[in-house]
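# Examining the three-dimensional arrangement
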Amino acid sequence: MKEKKDCKIVQDLLPNYIEKLTNEETNKYVEDHLKECEKCTKVLKNMQKDLELQTPQADKREVKYIKKFSKKMRILKLIIAIIALSFVAITGIKVAIISDLSNKAEKSIVSDNYKRTIYGLRKDDFVKWDIYNLGDKKKMVMTTVKDNNTQVRKIFATKEKDGEDMEYNINTYEETGNEKTAKLNTKAQISVDPYNTLQTENWWQLIIVSMKASIKPVTFDGQPCYYIANFEPSMVDGIYINKETGLLVGVTEQEPETTLYVYEFNTVTEKDFVEPDISEYKIEE
Ligand SMILES: [Zn+2]
């Protein structure tokens with residue numbers, strides 16, 4: 001009878017005993033009883049077996065979940081790192097291309113002997129500008145064709161003042177149909193030199209501009225070029241830059257409007273600046 005009562009108490013204590021929540025005195029009491037009671041020893045063993053079966057599995061599941069989660073986190077971090085790295089790498093490539101073209105352009109534009117022709121190809125009209133430069137002299141010939149009428153305007157400009165208040169003396173000759181008019185000795189500033197389209201003010205502007213720009217190698221007007229879209233400082237849709245000279249060779253605005261730029265260096269001579277026979281022109285004041 002005493003044994004039976006002990007058994008009940010011991011079995012009540014066993015769960016706590018297994019979890020090591022019982023005090024030393026209780027432990028001793030349980031262990032003394034177990035030494036002599038096969039039944040309770042069996043119950044203890046069954047409980048331990050049950051625990052072994054349950055706990056590790058739950059743990060394993062948790063561990064598996066944590067592992068899976070951290071694996072996902074690792075993959076996510078890796079993807080973010082790859083995206084960030086490619087962004088940096090692509091921006092780096094774009095910075096390199098733009099600064100290289102910009103350097104080439106700076107070298108190309110120093111010449112004071114050049115001819116630049118600009119073709120504006122538009123839906124309803126055609127405009128062609130021939131710009132000649134030799135030292136302090138410039139000649140601009142603008143040919144406009146609209147509704148089968150051709151208008152030619154020739155502007156001869158000679159630099160008279162340099163620097164801040166740069167000034168040119170200008171003679172203009174205009175031919176529209178049979179009408180020929182001329183305007184002589186007007187003064188103005190002129191800015192028609194080829195320029196570095198890809199110029200940026202400083203290195204961080206270069207980086208920002210490069211991030212936004214999209215660049216692809218193309219052939220334009222028979223020349224190896226880069227087509228650069230979203231180049232912030234320019235207001236047009238896209239620009240074509242010659243790979244060798246770094247110079248602007250084409251502009252796309254709203255299709256089908258295109259502007260073409262053609263350059264010749266060291267081909268201009270004094271002959272190009274011989275003005276037309278003024279007696280054929282009606283002089284305007
Ligand atoms: Zn017992």
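Scroll up for the structure.
Let us look at the structure shown here. Along every chain, residues carry numbers that run from 1 in the direction the sequence is written. Only residues with pLDDT of at least 70 get local features here, since the model is predicted, and only at 80 or more are side-chain atom pairs given and counted; chain-wide, interface and lining totals rely on the full set of residues. Values shown for side chains rest on all heavy atoms present in the structure; no hydrogens or waters enter the calculation.

### Side note on the pairing of strand β8 (residues 223-229)
Classification of residues uses two cut-offs on accessible area relative to the type maximum, computed with a 1.4 Å probe and protein chains only: under 20% is buried, over 50% is exposed, and between them is partly exposed. Secondary structure elements follow DSSP: runs of H or I of four or more residues count as helices, runs of E of two or more count as strands, with numbering from the N terminus. Extensive coverage of β8 is indicated by the burial of six of its seven residues. Strands are labelled as partners when DSSP assigns at least two bridges between them. Strand direction decides the pairing type here: strand β7 (residues 214-220) and β8, joined by seven bridges, are antiparallel. Residue pairing in the sheet places P217 in a bridge with Y226 of β8. Across five bridges, β8 lies against strand β9 (residues 238-242) in antiparallel orientation. Paired with I228 across the strands is I239, a residue of β9.

### Concerning helix α2 (residues 24-36)
Compared with the 18 Å implied by 1.5 Å per residue over 13 residues, the 19 Å span of α2 between its first and last C-alpha is a close match. Among the residues of α2, those classed as buried are T26, V30, H33 and L34. Taken down its axis, α2 places every buried residue within 100° of arc, on the same side. In α2, the exposed residues that point more than 90 degrees away from the buried face are E24, E25, K28, K35 and E36. Two N or O atoms count as a polar contact when they lie within 3.5 Å, although within protein this holds only if one can serve as hydrogen donor and the other as acceptor, and sequence-adjacent residues are included solely when both atoms are side-chain atoms. One side-chain oxygen of the residue at the start of α2 lies 3.2 Å from the amide nitrogen of E25, identifying that residue as N23. How far a helix is expected to stretch is found by multiplying one less than its residue total by 1.5 Å. The arc under discussion is defined with respect to the helix axis, by the directions toward the C-beta atoms.

### Considerations on the coordination of the zinc ion
At the metal site, the zinc ion is ligated by C7 (SG), H33 (NE2), C37 (SG) and C40 (SG), and these contacts range over 2.0 to 2.4 Å. For the zinc ion, the four donor atoms are set out with angles of 95 to 120° between them, so the coordination reads as tetrahedral. For Na, K and Ca the donor cutoff is 3.2 Å, while for all other metals N, O and S atoms count as donors only within 2.8 Å; water does not appear among the atoms, so some sites may look incomplete. Key to geometry: four donors with every angle between 85 and 135 degrees are tetrahedral; four donors are square planar and six octahedral where opposite donors lie over 155 degrees apart and all remaining angles lie between 65 and 115; all other sites are irregular.

### Digging into the side chain of D272
Mapped onto the elements, D272 comes out in the loop between β11 (258-265) and β12 (282-284). At 4.9 Å, K139 is the nearest oppositely charged side chain to D272, a buried residue that forms no salt bridge. A polar atom in the side chain of D272 sits 3.0 Å from the backbone nitrogen of T269. By the convention used here, residues are in contact when the closest approach between their heavy atoms is within 4.5 Å. D272 has contacts with Y132, K139, F156 and T267, leaving out every residue within four places of it along the chain. Charged-residue counts in this description rest on Lys and Arg as positive and Asp and Glu as negative, His and the chain ends being excluded. We define a salt bridge as a contact between a side-chain nitrogen of Lys or Arg and a carboxyl oxygen of Asp or Glu at a distance within 4 Å.

### Quick word on a nonpolar patch on the surface
Candidates for patches are residues over 30% relative accessible area with no salt bridge; among them, like charges are joined within 9 Å and nonpolar side chains (Val, Leu, Ile, Met, Phe, Trp, Tyr) within 5 Å. Accessible surface is estimated by sampling points in the Shrake-Rupley manner with a 1.4 Å probe; for residues, cover comes only from the protein chains shown. Together, F87, V88, W203, W204, I207, I208 and M211 give the surface a local cluster of nonpolar side chains, amounting to about 720 Å² of exposed area. Among the secondary structure elements, those contributing two or more residues to the nonpolar patch are α3 (38-108) and α4 (203-212). The leading source of residues in the nonpolar patch is α4, at five residues.

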